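Okay, here's what each chain looks like letter by letter:
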Protein chains: 2
Amino acid sequence: MSDERPDRDDSARPDTVRIGVLGCGNVGGALVDLVATQADAVERRCGIRLEVARVSVRNLSAQRDVDLPDGVLTRDSHGVVSDPDVDLVVEAIGGIEPARGLILEALAHGKPVVTANKELLANCGAELYAAADAAGRDLLFEAAVAGGIPIMRALRESLYGEPITRVMGIINGTTNFILTKMTDAVLAGGEGDYAATLAEAQALGYAERDPTADVEGYDAGAKAAIIATAAFGAKVVQGDVYHEGISRVTGAEIAIADRLGYCVKLLGIIERDPTSEEVSVRVHPAMVPLQHPLANVRDSFNAVFVEGDFADSLMFFGRGAGGAPTASAVFGDVVDAARNLRNDTHGSIGALHDAVIRPIDETEAEYLLGLDVADQPGVLHAVTGVFAGHGVSIRVAEQEGNGPDARLVFITHSALESAVQATVRELRGLEVVRNVGGLLRVVGG
Amino acid sequence: MSDERPDRDDSARPDTVRIGVLGCGNVGGALVDLVATQADAVERRCGIRLEVARVSVRNLSAQRDVDLPDGVLTRDSHGVVSDPDVDLVVEAIGGIEPARGLILEALAHGKPVVTANKELLANCGAELYAAADAAGRDLLFEAAVAGGIPIMRALRESLYGEPITRVMGIINGTTNFILTKMTDAVLAGGEGDYAATLAEAQALGYAERDPTADVEGYDAGAKAAIIATAAFGAKVVQGDVYHEGISRVTGAEIAIADRLGYCVKLLGIIERDPTSEEVSVRVHPAMVPLQHPLANVRDSFNAVFVEGDFADSLMFFGRGAGGAPTASAVFGDVVDAARNLRNDTHGSIGALHDAVIRPIDETEAEYLLGLDVADQPGVLHAVTGVFAGHGVSIRVAEQEGNGPDARLVFITHSALESAVQATVRELRGLEVVRNVGGLLRVVGG
């Protein structure tokens, strides 16, 4: 390159970009493989040679599938980010610290950083994006949200000028796998029991032994916060996100949703009110029309559906997790950051403003609510009285089963969340109500 | 910016980027609107002021909805691309010439170019990409393929190092609209007649008065060539693409596909053989499993499904046409090109190599084939003899109707295209065969 560009300072335009990788687990290991197999193709296409120069690990003697020359592995992460022989840093250790400190240190040394760390970005994103801009270096994080799906690039670049009104995402593979299996069982005439399906997902490796972060919506909430920040340029953190998981979704609810032309999905929803500029960010199970593109997102696949004033509807579908798809996203960022480094430039999600979060209480939707009730005269009357008392109007009421299995399912007209929650609270106190199921909001019409 | 970057040549880093627009039809007009409404938001986020400086039109006195200051409109396109007060050119006139010459002229003047011109890129892409690289300027064309869907950016950037094995796209909105309406009619018990549905699509403005380019697959073929070039780095032109349209798809075929768990879609398919490096690029109707994400791409929506070694499956869904979605894609490119211009850098699809095209005859698939036949003894025997004579093995054979409406439908096992085509040719010559329907290949399992 130096022959063609004599007017350039060569040190800022390396033809070889040496990568320091922090962590060598699933993602770090798959990235090392990907660099080994794809370096030639990348060099042919853009003239940049990618090399893995240093890899930091916690335990030097652990068994690893990756093939690395002597001296590449180290236990000293700080040494990697400050090493003058490292041009670009990939953070693949996860968690807040020491990842945060190491990323700031790498940026301060003028090294672009690629990360897949959703927890860190969902909590400290604004600080890190600002540090990257101040350093004039890339901080790219495609793999932090929806694994191999290039949604962050779309938001950061293609849709940069697009007035985005709503984003709806299936952004947790574990819960989508469980809901898909429950639905398949229900449609095959089975029960679609949540606990049994979770156990099956755990046995297959689709759910952790402690599944809380996935099934209760914490993981999706972190990703929703990152998406909201990129989509609206607003500082949204994980703590701003309302979340409800799938552990109370029942086969009976899935069956009635299907009869009405809907499937049940756990969605992350990010909305902006164009007049008040308030932002609503929430994760909860939702009823999606069967003909909606999100409805055919099955098993552990992820998808993000974006609605904008000009682009209309867009959807991005793919693998949300797994070493190879995540490494593929990291690798795309690495190539991008390497090209930017050679050109002494960098991307940016732009200036961020403080977010005004709309409380979940002030959002509106149609709701499906299932109740296990005592099978005795006057129950329907008592229950509907509670809805009426809170001004929540009922569109559909169905009774299923008899005796101890008696179950009522309601769908409301559009209602205020606070009114529906007050209804639920009062229903829980009714003696004739044995159990109140999860709320399903109707979405995407 | 000049205060912060005293080491830079300011002329290459304008804070205001003045846009010259060639053509002010649907897309050009919507772009002018988008710049007017979104310029403030873009400036807030990245410090660049976008301005429409010149707009060339064929007829100065035509009625236009766009609001432009005096002196912006001109009939002199060459004046726009050579105007020193124009920093960046948007080509929205379409066709090969004068668009090709104007783009080359703009690049030669050091101006990045954004275009939505699929015909031009599908025929002269390699020349234009090389001219852009030689000029060190962007030539961006997101809107040329699948309108508002950011598939080109994904291929150019996110998936730059990904070994892509196959791309399947619903990349023509007119045919997808017609097939969706035919399918809805068939599932509602109607006939799903092609000619009547085409007439309906024409009445609604979803099909042109002369629909040939859409319904016979020429339009999709041009887009498939552009996708193949970006996905594989190979010089593929429109003439390399095998194409078959939807005009022979019947309601009966759609009905049997549905019974077997498939829907019928017109797909552009781009495949690479990893060992021979041969590329197959073709457009034809195909049977897609109902649970496949492409199956829920309805009406005039487009989608592109990408399969790669590491990323696994990805899909990009959205509006494939229309002034606003197309302008949204153009606008995303304009912002990108403006940021690159400020940083004196540019993107590139990289070096291209010559393509070795695999002839359609050498591809393999399962096939569905419908025949209108005379209802007389021995017909099935005569017809199956033709299949057997070409070594094509039959998986399913069904007869529908009687008398003059008698119809045979076959699904083959996996077979070579040349053998199936030879079968079709011989069937056309049989006296008992009154009509041979379109071939439907089974895809995406």
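Scroll up to find the structure.
Residues numbered from 1 in each chain as written. Chains lettered and ligands numbered in written order. Predicted model: local features only at pLDDT ≥ 70, side-chain atom pairs only at ≥ 80, totals over all residues. Heavy atoms only, no water.

Engineer: How do you make sense of the overall build of chain A when you look at a structure like this?
Structural biologist: A tally of helices and strands in chain A yields 13 helices and 19 strands. Computed over its C-alpha atoms, the radius of gyration of chain A comes to 25 Å, within 12% of the 22 Å expected for a compact globule of 445 residues. Dimensions of chain A along its principal axes, counting C-alpha atoms only, are 90 × 50 × 35 Å. Restricting the contact set of chain A to residue pairs at least 6 apart, pairs at least 24 apart contribute 73%. (Helix = DSSP H or I, 4+ residues; strand = E, 2+ residues; numbered from the N terminus. Rg over C-alpha atoms; globule rule 2.2 N^0.38 Å. Contact = heavy atoms within 4.5 Å.)

Engineer: Can you help me understand the relation of the copies chain B and chain A in this one?
Structural biologist: Here two copies of a chain appear, and what relates them is a rotation about an axis with a shift along it. Each copy of the sequence occupies a distinct position, and chain B is placed on chain A by a rotation of 180 degrees and an axial shift of 0.0 Å, giving an RMSD of 0.0 Å. Each copy turns onto its partner about a two-fold axis. Taking C-alpha positions as reference, the residue of chain B nearest the rotation axis is F316(B), located at 2.4 Å. Taken together, the interface assignments show that 98% of the residues at the interface of chain B recur at the interface of chain A, consistent with an identical surface on both copies. (Least-squares fit on C-alpha atoms with pLDDT ≥ 70 in both.)

Engineer: In this structure, what is going on with the pattern of salt bridges? I would like to understand it.
Structural biologist: Side chains that differ in sign of charge can pair as their charged atoms come close. Taken as a whole and judged by the stated rule, the model has 56 salt bridges over all chains. K235(B) is the salt-bridge partner of D354(B), the closest N and O atoms lying 3.7 Å from each other. Note that D354(B) is positioned in strand 14 (residues 353–354) and K235(B) in strand 8 (residues 234–235), a separation of 119 residues in sequence. By relative accessible area, D354(B) is classed as exposed at 59%. One salt-bridge network, held together by shared partners, links R153(A), R156(A), D333(A) and D336(A). (Salt bridge = Lys/Arg side-chain N within 4 Å of Asp/Glu carboxyl O. Buried < 20%, exposed > 50% of the residue type's maximum accessible area, 1.4 Å probe, protein only.)

Engineer: What exactly am I supposed to notice about the pairing of strand 7 (residues 164–170) of chain B here?
Structural biologist: Residues and elements named next belong to chain B. For strand 7, a buried count of six out of seven residues is recorded, marking the element as mostly surrounded by other parts of the structure. Relative to strand 10 (residues 262–272), strand 7 is paired through four bridges, and the arrangement is antiparallel. When the bridges of strand 10 are listed, G169 appears paired with G268. (Pairing = 2+ DSSP bridges.)

Engineer: Even after reading the chapter, I still don't get the interface of chain B and chain A, so can you show me in this structure?
Structural biologist: Often the size quoted for an interface is simply the accessible area lost on bringing the parts together. On the chain A side, the residues contacting the 58 residues of chain B number 57 residues. In this assembly, chain B packs against chain A so that about 4800 Å² is buried in total across both faces, 49% of it on carbon and sulfur atoms. If you sort the residues of chain B by the area they bury against chain A, R45(B), Y160(B) and F310(B) come out on top, with a joint share of 18%. In this structure, the connection of chain B to chain A is made through two salt bridges. Residue R319(B) is joined to D312(A) by a salt bridge in which the shortest nitrogen-to-oxygen separation is 2.6 Å. Where chain B packs against chain A, one counts 14 residue pairs in polar contact (both at pLDDT 80 or more). Residue composition of the side of chain B that touches chain A, grouped by class: 28 nonpolar, 17 polar and 13 charged. Bridge count for strand 13 (residues 312–319) of chain A against strand 13 (residues 312–319) of chain B is five bridges, and the pairing is antiparallel. Across the sheet, G318(A) pairs through a bridge with L314(B), a residue of strand 13 of chain B. (Buried area = accessible area lost by both parts, 1.4 Å probe. Polar contact = N/O pair within 3.5 Å; in protein donor to acceptor, adjacent residues only side chain to side chain. Nonpolar A, V, L, I, M, F, W, Y, C, P; charged D, E, K, R; others polar.)

Engineer: Help me understand helix 10 (residues 251–259) of chain B, please; the structure alone is not making it clear to me.
Structural biologist: Each turn of an α-helix holds 3.6 residues, which means side chains three or four residues apart point in the same direction. Taken as a whole, helix 10 of chain B has its buried residues at G251(B), E253(B), I254(B), I256(B) and A257(B). Two residues or fewer after helix 10 of chain B comes G261(B), characterised by a positive phi angle close to 90 degrees.

Engineer: Where do I start with the sheet that holds strand 1 (residues 16–22) of chain A in this structure?
Structural biologist: Working definition: the strands of a sheet are paired by backbone hydrogen bonds and lie parallel or antiparallel to each other. Residues and elements named next belong to chain A. One open sheet accounts for six strands, arranged 3-2-1-4-5-6; its pairing is parallel. A strand with exactly one partner marks an edge of an open sheet, and here the two such strands are strand 3 (73–74) and strand 6 (139–140). With respect to the sheet, helix 1 (residues 26–46) is in contact with strand 1, strand 2 (49–56) and strand 4 (88–91), its orientation differing from that of strand 2 by roughly 160 degrees. (Axes fitted to C-alpha atoms, helices over the stretch in contact; angles between N-to-C directions.)

Engineer: Please clarify how the packing of aromatic side chains should be interpreted in this entry.
Structural biologist: Applying the stated rule across the entire model yields eleven aromatic pairs over all chains. Ring plane angle 20 degrees and centroid distance 4.7 Å describe the contact between F301(A) and F317(A), whose orientation is recorded as stacked. With F301(A) in strand 12 (residues 301–308) and F317(A) in strand 13, the pair connects residues that are 16 residues apart, well separated along the chain. Across this residue pair, the class does not change: F301(A) and F317(A) are buried. Among the aromatic residues, those joined into a cluster by ring pairs are F301(A), F317(A) and F305(B). When the ring centre of F301(A) is taken as reference, the NZ or CZ atom of R319(A) above it lies at 3.9 Å. (Phe/Tyr/Trp six-rings, centres within 6.5 Å; stacked < 30°, edge-to-face > 60°. Lys NZ or Arg CZ within 6 Å of the ring centre and 35° of its normal.)

Engineer: Please clarify how unusual backbone geometry should be interpreted in this entry.
Structural biologist: In terms of backbone geometry, most residues other than glycine have negative phi values and most peptide bonds are trans. Residues and elements named next belong to chain A. For the peptide bond that leads from E97 to P98, omega is 10 degrees, which places it in the cis range. Looking at the element boundaries, P98 is found in the loop between strand 4 and helix 3 (99–108). Positive phi, close to 60 degrees, is recorded for A146, a residue that is not glycine. Judged by relative accessible area, which is 0%, A146 ranks as buried. Even without being glycine, D312 reaches a positive phi, approximately 65 degrees. Relative to the elements of secondary structure, D312 occurs in strand 13.

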